[in-house]
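Okay, here's what each chain looks like letter by letter:
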Amino acid sequence: KAGVTQTPRYLIKTRGQQVTLSCSPISGHRSVSWYQQTPGQGLQFLFEYFSETQRNKGNFPGRFSGRQFSNSRSEMNVSTLELGDSALYLCASSLDIRGAGNTIYFGEGSWLTVV
Amino acid sequence: SQQGEEDPQALSIQEGENATMNCSYKTSINNLQWYRQNSGRGLVHLILIRSNEREKHSGRLRVTLDTSKKSSSLLITASRAADTASYFCATEGSGGFKTIFGAGTRLFVKA
């Protein structure tokens, strides 16, 4: 069974540009979450999608957006990139069964560097 | 603010010693999970403990949960250099599915 796949793994963008990151969850997983990880701020929750709907959202500006497709694949977009957006972006998926204690499976992440 | 807060932020021990990390949280939970992250990689699930459980074991890992104190601890016995990583606790709130991660404990095991 394939794990969570994130693309691209590494990318460099210029300040002001926009970027789109892609995530393919484990087959059968309907919940996809995104996290930003930086040395100074730790693991910060961005948003979670379930059945193509954003169900939870973290405390990030509107420049950060995402979506989920009918096949559960998800993308996140960051517009007007700032230097502080340089981070490891992690995607995670889970089965999302209420009360079952959902193990979250992470991808290897996308390293974004903004110059 | 983060639901889970790990303590200590960093821990350095010798191979063979035990490592203990603590996690405190603020609101009621369905379960608490521990994850490991090797440098620059994704997080890997280690163990889950439900709110009605007090202790759980998995290999060299022992997790305890005290819901009255809203805290959990992760014990790694007979640590190895390969245990060097960051360890995160994550809580699944009783009100929904949102899982929140703490800031993590960085463990360094010296060979």
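Let us look at the packing of aromatic side chains. Pairs of aromatic rings are described using the distance from one ring centre to the other and the angle between the two planes. In total, this model carries eight aromatic pairs over all chains according to the counting rule given. Look at Tyr35(A) and Phe106(A): their rings are 5.7 Å apart centre to centre, the planes differ by 45°, and that puts the pair in the tilted class. You can see Tyr35(A) sitting in strand 4 (residues 31-38) and its partner Phe106(A) sitting in strand 10 (residues 105-106), a full 71 residues away along the chain. The class for Phe106(A) is buried, based on a relative accessible area of 10%. Linked through ring pairs, Tyr35(A), Phe45(A), Phe106(A), Tyr35(B) and Phe101(B) together constitute an aromatic cluster.

Turning to the state of the cysteines, a few remarks are in order. Following the criterion strictly, the structure yields two disulfides over all chains and no others. Residue Cys23(A) pairs covalently with Cys91(A) via a disulfide, S to S 1.8 Å. On the sign convention where negative means left-handed, the S-S torsion of about -65° between Cys23(A) and Cys91(A) marks this disulfide as left-handed. With a gap of 68 residues between them, Cys23(A) in strand 3 (residues 19-24) and Cys91(A) in strand 9 (residues 87-94) connect regions that are remote in the sequence. Of the two residues, Cys23(A) and Cys91(A), both sit in the buried class. At a sulfur-sulfur separation of 2.0 Å, the disulfide partner of Cys23(B) is Cys89(B).

Cut-offs and rules
Residues numbered from 1 in each chain as written. Chains lettered and ligands numbered in written order. Predicted model: local features only at pLDDT ≥ 70, side-chain atom pairs only at ≥ 80, totals over all residues. Heavy atoms only, no water. Phe/Tyr/Trp six-rings, centres within 6.5 Å; stacked < 30°, edge-to-face > 60°. Helix = DSSP H or I, 4+ residues; strand = E, 2+ residues; numbered from the N terminus. Buried < 20%, exposed > 50% of the residue type's maximum accessible area, 1.4 Å probe, protein only. Disulfide = S-S within 2.5 Å.

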